[in-house]
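# Remarks on the overall topology
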Amino acid sequence: LLGGAAAGGPGGEGCQQDVDCLLEALTLDEKLQFFAGDLDAIDHVSGVSRLGIPEINMGDGPNGVANTIPGTATSFPCNRAIGDTFDRALAVRYARAMAKEFKAKGKNMMLGPGANLARVPQCGRMDEYVPGDDPTLGAELVAAFVSGALEENVMTSIKHYGNNEQETNRNHWSANPDANVNMEYYMKPFRVGIEAGAANIMCAYNMVNGVPACKNADILQAAKRWGESFWIVSDWGAIYPDAAGDGAAAYINAGVDMEMGAHDDPSCTGPDVPATEYGAAGYCNKGDYMLPDRMHSLLTSGKVSEARINETVKRVLGALKTAGLLDLATQKEFPRYEQKDYHSKWFGPLAQKDVRTQHSRQVAHEVATKALVMVQNTGSLFPISKTTKIESYGCGKEVHFHAESGSASGTAPHFPKVPCQDDDKSACPYPEDGLRAAGGRLQAFALGDGGAGPRDPEAVTVVCLMAKSFNTEGTDRANLDMQHFPFEKFSKVAVWVVAPGPVVLDFAPKVGAILLTALPGEMGGVALADVLFGRSSPSARLTLTMPNVMHETAVTVKPDSDEYAEGFKVGYRWYEASGKHPLFAFGWGLSYARRLQVPEVEFRAPQGGGKPSLRLRIMRDSDRAACPAEVDQVVQVYVIHEAPTPREFKELAGFGKVEGLVEGKPKSAEIEFDPPMTWDSEAGDKTAYDRSWVSVRKYGVFISLYGVEHATRLFTVVVDHGKYTHTPEYDFGESGPLKFDQDLAVWERATAR
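Just so it is clear, the model here is predicted, and its values are computed rather than measured.

Thresholds applied
Residues numbered from 1 in each chain as written. Predicted model: local features only at pLDDT ≥ 70, side-chain atom pairs only at ≥ 80, totals over all residues. Heavy atoms only, no water. Helix = DSSP H or I, 4+ residues; strand = E, 2+ residues; numbered from the N terminus. Rg over C-alpha atoms; globule rule 2.2 N^0.38 Å. Buried < 20%, exposed > 50% of the residue type's maximum accessible area, 1.4 Å probe, protein only. Salt bridge = Lys/Arg side-chain N within 4 Å of Asp/Glu carboxyl O. Pairing = 2+ DSSP bridges. Right-handed = clockwise from strand over helix to strand, strands pointing away. 1 Å grid on protein atoms, 1.4 Å probe; cavity = no way out; pocket = protein on both sides within 12 Å on 5 of 7 lines; lining within 4 Å. Points joined across faces, edges and corners; volume = space filled by probe spheres on them. Nonpolar A, V, L, I, M, F, W, Y, C, P; charged D, E, K, R; others polar. Axes fitted to C-alpha atoms, helices over the stretch in contact; angles between N-to-C directions. Parallel < 35°, antiparallel > 145°, perpendicular 65-115°, else oblique. Left-handed = near helix turned anticlockwise from the far one by under 90°. Contact = heavy atoms within 4.5 Å. Disulfide = S-S within 2.5 Å. pLDDT = per-residue confidence, 0-100. Phe/Tyr/Trp six-rings, centres within 6.5 Å; stacked < 30°, edge-to-face > 60°. Lys NZ or Arg CZ within 6 Å of the ring centre and 35° of its normal.

Turning to the overall build of the protein, a few remarks are in order. When you go through the protein residue by residue, the secondary structure sums to 20 helices and 27 strands. For 753 residues, the compact-globule estimate of 2.2 N^0.38 gives 27 Å, and the protein sits close to it at 26 Å. With respect to the three principal axes, the spread of C-alpha positions in the protein is 75 × 65 × 50 Å. When burial is assessed residue by residue, the protein has 63% of its 753 residues classed as buried.

Within the structure shown, the criterion is met by 55 salt bridges. Between D257 and R308 there is a salt bridge, with the nearest N and O atoms lying 3.0 Å from each other. You can see D257 sitting in the loop between α9 (248-254) and α10 (292-300) and its partner R308 sitting in helix α11 (residues 306-322), a full 51 residues away along the chain. Of the residues examined, D257 reaches a relative accessible area of 0% and is grouped as buried. Under the relative-accessibility criterion, R308 is labelled buried at 8%. Members of the salt-bridge network, linked through shared partners, are R96, K100, K103, E151, E152 and E333.

Here strand β4 (residues 155-161) lies mainly inside the structure; seven of its seven residues are buried. Taken together, the two bridges between strand β3 (residues 109-111) and β4 define a ladder with parallel strand orientation. Its bridge partner lying in β4, M109 is registered against M155. Taken together, β3, helix α5 (residues 135-150) and β4 constitute a β-α-β crossover, and its handedness is right-handed. Where β4 meets strand β6 (residues 200-203), four bridges bridge the pair, whose relative direction is parallel. Looking across to β6, one finds that S157 is bridged to N200.

Inspection of the entire model under this criterion finds five cavities of 30 Å³ or more. In this model, the largest cavity occupies a volume close to 190 Å³. For the largest cavity, the lining is made up of 17 residues, of which I42, N67, K107, Y337 and K345 are closest to its centre. When residues of the lining of the largest cavity are traced back to their parent elements, those giving at least two are β2 (56-60) and α14 (349-352). It is β2 that contributes the most residues to the lining of the largest cavity, three residues altogether. Among the residues making up the lining of the largest cavity, the classes are represented as six nonpolar, five polar and six charged. If you go around the second largest cavity, the residues you meet are N63, S75, F76, C78, F401, H402, A403, S409, L519 and G521. Residues of the lining of the second largest cavity, tallied by class, amount to five nonpolar, five polar and no charged.

Attention now goes to the packing of helix α4 (residues 88-104) against α5. Two quantities define a packed helix pair, namely the angle between the axes and the distance from one axis to the other. α5 packs onto α4 with a crossing angle of 40° between their chain directions and a minimal axis gap of 7 Å. As far as their axial angle goes, α5 and α4 are oblique. Both α4 and α5 take part in a crossing whose hand is right-handed. Packed against α4, whose contacting residues are R88, A91, V92, Y94, A95, R96, M98 and A99, the element α5 presents E140, L141, A144, F145, G148 and A149 at the interface. Among the residues forming the contact of α4 with α5, the class breakdown is 10 nonpolar, one polar and three charged.

A word on the state of the cysteines. Across all of its chains, the model carries four disulfides by this definition. Paired through a disulfide, C203 and C214 show a sulfur-sulfur distance of 2.0 Å. Disulfide C203-C214: the torsion about the S-S bond is 105°, which places it as right-handed. One end of the pair, C203, is in strand β6; the other, C214, is in the loop between β8 (211-212) and α8 (217-224), and 11 residues separate them in sequence.

Moving on: unusual backbone geometry. Of the consecutive residues G61 and P62, the connecting peptide bond is found in the cis state with omega at 5°. Of note, the bond from F382 into P383 is cis; its omega dihedral lies within 30 degrees of zero at -10°. Among the secondary structure elements, P383 is positioned in the loop between β10 (373-377) and β11 (389-393). Residue N209 is not a glycine yet carries a positive backbone phi of 55°. Relative to the assigned elements, N209 resides in the loop between β7 (207-208) and β8. Take N209: its relative accessible area is 24%, and that puts it in the partly exposed class. Even without a glycine there, the phi angle at K492 is positive, about 50°. Checked against the element boundaries, K492 lands in the loop between β13 (460-466) and β14 (493-498). Of the residues examined, K492 reaches a relative accessible area of 41% and is grouped as partly exposed.

Read across the sheet, four strands follow the order β8-β7-β5-β16 without closing on themselves; strand pairing throughout is mixed. Strand pairing shows two members of the sheet lacking a second neighbour, β8 and β16 (561-562), which therefore form its edges. Pairing of strand β5 (residues 174-175) with β16, which is carried by two bridges, proceeds in the parallel orientation. In the strand pairing of β16, A175 is matched with D562.

Let's shift gears to the packing of helix α6 (residues 179-186) against helix α7 (residues 188-195). Put simply, α6 and α7 touch, their axes get as near as 5 Å, and they point 50° apart. It follows from the interaxial angle that α6 and α7 lie oblique. Facing M183, E184, Y185 and Y186 of α6, the residues of α7 in contact are K188, P189 and F190. Here the residues of the contact of α6 with α7 sort into five nonpolar, no polar and two charged.

All right, on to the confidence of the model for the protein then. Scored by pLDDT, the protein has a mean of 93; 95% of the residues are at 70 or more. Throughout residues 1-11 the model reports pLDDT below 50, and contacts reaching past four residues in sequence, or to other chains, amount to 30 contacts.

Scanning all chains against the criterion turns up 26 aromatic pairs. Consider the rings of Y393 and F490, whose centres lie 5.4 Å apart with planes at 70°: the pair is edge-to-face. You can see Y393 sitting in strand β11 and its partner F490 sitting in the loop between β13 and β14, a full 97 residues away along the chain. Their ring planes at 70° and their centres at 4.8 Å tell us that Y730 and F732 sit as a pair that is edge-to-face. Of the two residues, Y730 and F732, both sit in the buried class. Three or more aromatic residues link up through ring pairs in this structure, and these residues are Y393, F445, F485, F487, F490 and F507. Positioned above the aromatic ring of F230 is the side chain of R315, whose terminal nitrogen or guanidinium carbon lies 5.1 Å from the ring centre. The residue whose ring lies beneath R647 is F568, and the NZ or CZ to ring-centre distance is 3.8 Å.

Structure (structure tokens):
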């Protein structure tokens, strides 16, 4: 057992943490137990205590500990919110704070982060996915998440591989992308996450090219070439009934290593796990087709080789070692499971243990604040003074601040009697509570009360709007509409939009300010107060493209299969390639620093196998007095392919956040970016996952503070047999500092539309 592993042999009967030694010491029966979950009530794989190998206790994430007693774990902002921060260091802190709570619950594996791209705007699980529109952003932040969890010795499971970009008909729908598009875009966050030390990737329910993802050798073997210290686990029930008898061999030989929750049948309660007030006590988390007795038969019949058995076990041991979990002292840091913890989802002491901390709320608060994207601030409505009268509508218990269904919903949060206390002593999910606690002069009304118009014409109106169609597992959103509010009756209106995915903001011309957030978690209320009153300047940027209308691109939910005919022109790339403008573009976001300048930028070729970078200085110019003294600024680097095969659009290649900018004091930063590479397969080839990467020989490099539509070309780069040459396209000596005027960017955006 994890808590009692030290009671076994002395660190593996002399093996210590030597993976090859442990593999040799394991008996066949011990090896075969690693291929499937072995308990119904919880997500569990047995360890081998005599060798100091811990059991694996998994827990649903990735927005906080899920499937536990309500109110006993922190409700963090969703994974998509961390994407909007463009902040690697914050992603590390976010994952580490979450991992501390998993650890306190006795769980050494978090089922997350989510790494699928936002291809289909209606995708029902988009709140779980970090990348938004962009694989490079997703890759960097998924890797940061993995690193943060590892700081607490908690393993991560990156999901859902591959191409789980929609939920409709998810057990039968087939994603059929070209191999080059899949490798360059959809698989990149998974690859970089594995390189960062993730323990496994979770293969999805859907088909890929007509074959279940967990049985598709093309994509599974492509993944296995990324490293040797991770394994591939099935989503719960994604090993399908064709695995009966000898059928499981096809899944195993394709590359899947571990089966979880074969039947997904809520009748799996058993005599010792009865239903409770919190729902069914067991969810058939146990495997079926890859349990030890089945594996014995497959091995004896020659359907699965001994070498294949050893590969899986070595991968699991390698992942445990990466997380430090083969160390007996580390194992003792995790609380020990008791009998009820193993055999009931809700009755165990660890399920009932309250693991919330003030530190977790502080991190959740920071993420919620730094994930707020200010997409509009007409007339500089924000920030406002605390003496300003405010009328709020829909900003109380109508707010949808966390996913309320599906495996990633997290636990239902604790609702304090006194919310929004100083120093994050209690949760603060509702903006009306947060505004009051911050000292605002507030009158609060339900959203439906707006029909009567303003009570005080001099007050600033703050409206909290939710998407009409919520995100959930198993179904996609019906539409991209927002709740209705009679904006025409009000002036001086600010809108706080909770958007778990893309939404249509057709009311934008009628209002002054718009703040967008993904599901902000239990500290979303105080986060809004921070930005509204100017205690913090908004620094987030859009990871999603906000369309003008729902079906603006050809990409939508398909009931049976999808050929991914748009190829590389997906998300924001389609708009630029088509010469069209969305309502709000990828990377867009405003702050309270309206004028900045970049006096110089230096291109630096990669050194010692590293990445190329831009070394720059950035300075905040004279600004409005109401601003916070310090602001953070996201710097975005884009590239465009020019040779050998040009592309019609720019794409994000790197980013960084410069923190603590004050007026008149420049700061230096170095922003690394990924040199553009292409996968060496042809358009239309859907199985060529065994090819190689090819460098783009010539490309342009751009810098932006306001997203893909406002990027300035700085360099043309040529790569010849690994040698870099660059030509400046902007002359700082002749033209002076590169000026970034936020008001001008707003005007240019409006004029383009």
